[in-house]
Amino acid sequence: YKGLIITDALVMKAIGPLDPIDAFTAGADILLCPSEPLTLLEQLKEVVKGNPIRAQEAISQQEKLISKLSLMQPIPCRTEEPCKKLNKDIAENCLVQKGSFNLKKGDKVFYLEAETYPGKEYRAKTFINELKKQGIKVEPYTPKVNKEKVIIATYSNYAAFSGQINFNQEQTKLLQKIINENKETALISYGSPFVDKDLKNLTSFIMAGSAGEEFEKATADLILNNLQAKGKMPF
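Rules and cut-offs
Residues numbered from 1 in each chain as written. Predicted model: local features only at pLDDT ≥ 70, side-chain atom pairs only at ≥ 80, totals over all residues. Heavy atoms only, no water. Helix = DSSP H or I, 4+ residues; strand = E, 2+ residues; numbered from the N terminus. Buried < 20%, exposed > 50% of the residue type's maximum accessible area, 1.4 Å probe, protein only. Pairing = 2+ DSSP bridges. Core = buried A, V, L, I, M, F, W, Y, C linked by side-chain atoms within 4.5 Å. Contact = heavy atoms within 4.5 Å. Axes fitted to C-alpha atoms, helices over the stretch in contact; angles between N-to-C directions. Salt bridge = Lys/Arg side-chain N within 4 Å of Asp/Glu carboxyl O. Polar contact = N/O pair within 3.5 Å; in protein donor to acceptor, adjacent residues only side chain to side chain. Left-handed = near helix turned anticlockwise from the far one by under 90°. Nonpolar A, V, L, I, M, F, W, Y, C, P; charged D, E, K, R; others polar. Phe/Tyr/Trp six-rings, centres within 6.5 Å; stacked < 30°, edge-to-face > 60°.

Chemist: Please give an account of unusual backbone geometry that cites residues and values.
Modeler: Looking along the chain, the bond that leaves Y117 and enters P118 is cis, with omega of 10°. By the secondary structure assignment, P118 is in the loop between β2 (108-113) and α5 (125-133). Of note, N201 is a non-glycine position whose phi angle comes to about 65°, a positive value. When its relative accessible area of 66% is taken as the criterion, N201 is described as exposed.

Below is the structure:
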């Protein structure tokens, strides 16, 4: 690779026993977000004395990128329409579905959101409204009612320094209980692609990967058989 190389945030300590100097000598041209930048700067001064060529390579790559960027002209976005169209195109082509879960006019489905259950202030309002517009009866999930079909939505995502990714043990236990007690359960993720990894016997896992009206409408269209899942997981 001949272009500029930049590390991920070094404060995340993802390189184990290695340190920022190792990244620099290996070829990284920009060291992003080190935990002790002033100390690193002094270390780099010493390293550069013994390896001035590596330092010049890094500076040269940065200057090349700056030169390229200076030629780019920003495109003014006077309305939200270009962004909405882009989101619509992405949403309609990126959805991934494992298993099958479909609804038709007249069906009843029970709904909950993993992060706020048993609360009924739902975030995915566009998704719910799209189902209702197509004649689907959407009711809040309650453990005391006999159910055929249940939809669980989640916005769980990566959060730096949060100490966890996806559902915690308590959430996983609760969701698994809901899955086990119902005939068909679909999990829709508007965030992380890994939220289903500890859940067993899901009828379907639908990966949208992003929040927003266009993605909620696309997932509703998928469940209503008005759209095909065209995306692929990167793993």
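Still more ground to cover, so stick around.
Chemist: For the pairing of strand β4 (residues 149-154), give the residues involved together with the corresponding values.
Modeler: A regular strand carries its side chains on alternate faces of the sheet. Across the 6 residues that make up β4, a large majority, 6, are buried. Of the two faces of β4, the one carrying K149, I151 and A153 and the one carrying V150, I152 and T154 are both buried. In this sheet, β4 lies alongside β2 in parallel orientation, the contact comprising 4 bridges. Of the residues in β4, the one forming a bridge with E113 is A153.

Chemist: Report on the nonpolar core, specifying residues and quantitative values.
Modeler: Ranked by size, the top nonpolar core spans 28 residues in total, and within it L103, Y111, F127, L131, I151, Y190 and I223 carry the most contacts. Those elements that provide at least two residues to this core are β2, α5, β4, β5 (184-189) and α7 (213-223). Broken down by element, the residue count for this core peaks at 5 residues, all from α7. The contact partners of L103, leaving out residues within four places of it in the chain, are V109, L131, I136, K149, I151, I223 and L224. Within the second largest apolar cluster, 18 residues are counted, among which are L112, Y117, I179 and M233.

Chemist: Summarise the sheet that holds strand β1 (residues 96-99); cite the residues concerned and give the values.
Modeler: If you walk across this open sheet you meet the 6 strands as β1-β6-β5-β4-β2-β3, and the pairing is mixed. In the strand order of this sheet, the two ends are held by β1 and β3 (137-140), each with one partner. Mean inter-strand twist for the sheet, computed between neighbouring axes without regard to direction, equals 20°.

Chemist: I'd love a proper account of the pattern of salt bridges, names of residues and values included.
Modeler: By the definition in use, this model includes 15 salt bridges. Across the salt bridge formed by D107 and K104, the nearest N and O atoms sit 3.6 Å from each other. K104 sits in the exposed class, given a relative accessible area of 57%.

Chemist: Give a description of the environment of D29 that names residues and reports values.
Modeler: Turning to its location among the elements, D29 is positioned in the loop between α1 (20-26) and α2 (37-50). Relative accessible area serves as the criterion here: at 7%, D29 is assigned to the buried category. As for D29 and A9, which are separated by 20 residues in sequence, their C-alpha atoms are 14 Å apart. Among all residues touching D29, those that are not within four sequence positions of it are G3, L4, I5, R54, E57, A58, Q61 and Q62. Side-chain polar atoms of D29 contact the side chain of R54, separated by 2.7 Å.

Chemist: Lay out the packing of helix α4 (residues 81-94) against α7 with the relevant residues and their values.
Modeler: At a closest axis distance of 8 Å, the pairing of α4 and α7 adopts a crossing angle of 35°. You can see that α4 and α7 cross each other, and the crossing is right-handed. Judged by residue contacts, K84, N87, K88, I90, A91 and C94 of α4 engage E213, E214, F215 and A218 from α7. Its residues placed into classes, the contact of α4 with α7 shows 5 nonpolar, 1 polar and 4 charged.

Chemist: Residues and numbers for the packing of aromatic side chains, please.
Modeler: Taken as a whole and assessed by the stated rule, the structure comprises 4 aromatic pairs. Seen in terms of ring centroids, Y111 and Y122 are 4.9 Å apart; in terms of plane orientation they differ by 90°. Their pairing is edge-to-face. Within this pair, whereas Y111 is found in strand β2, its partner Y122 is found in the loop between β2 and α5, the two being separated by 11 residues in sequence. No difference in accessibility class separates Y111 from Y122, as the two residues are buried. Where Y155 meets Y190, the ring centres are 5.1 Å apart and the plane angle is 25°; that geometry is what we call stacked. With Y155 in the loop between β4 and α6 (169-181) and Y190 in the loop between β5 and β6 (204-207), this pair connects stretches of sequence that are 35 residues apart.

Chemist: Describe in detail the side chain of Q61, supporting the description with residues and values.
Modeler: Tracing the backbone through its elements, the reader meets Q61 in helix α3 (residues 52-70). Judged by its relative accessible area of 16%, Q61 is buried. For Q61, the residues in contact, after removing those within four places along its chain, are K2, G3, L4 and D29.

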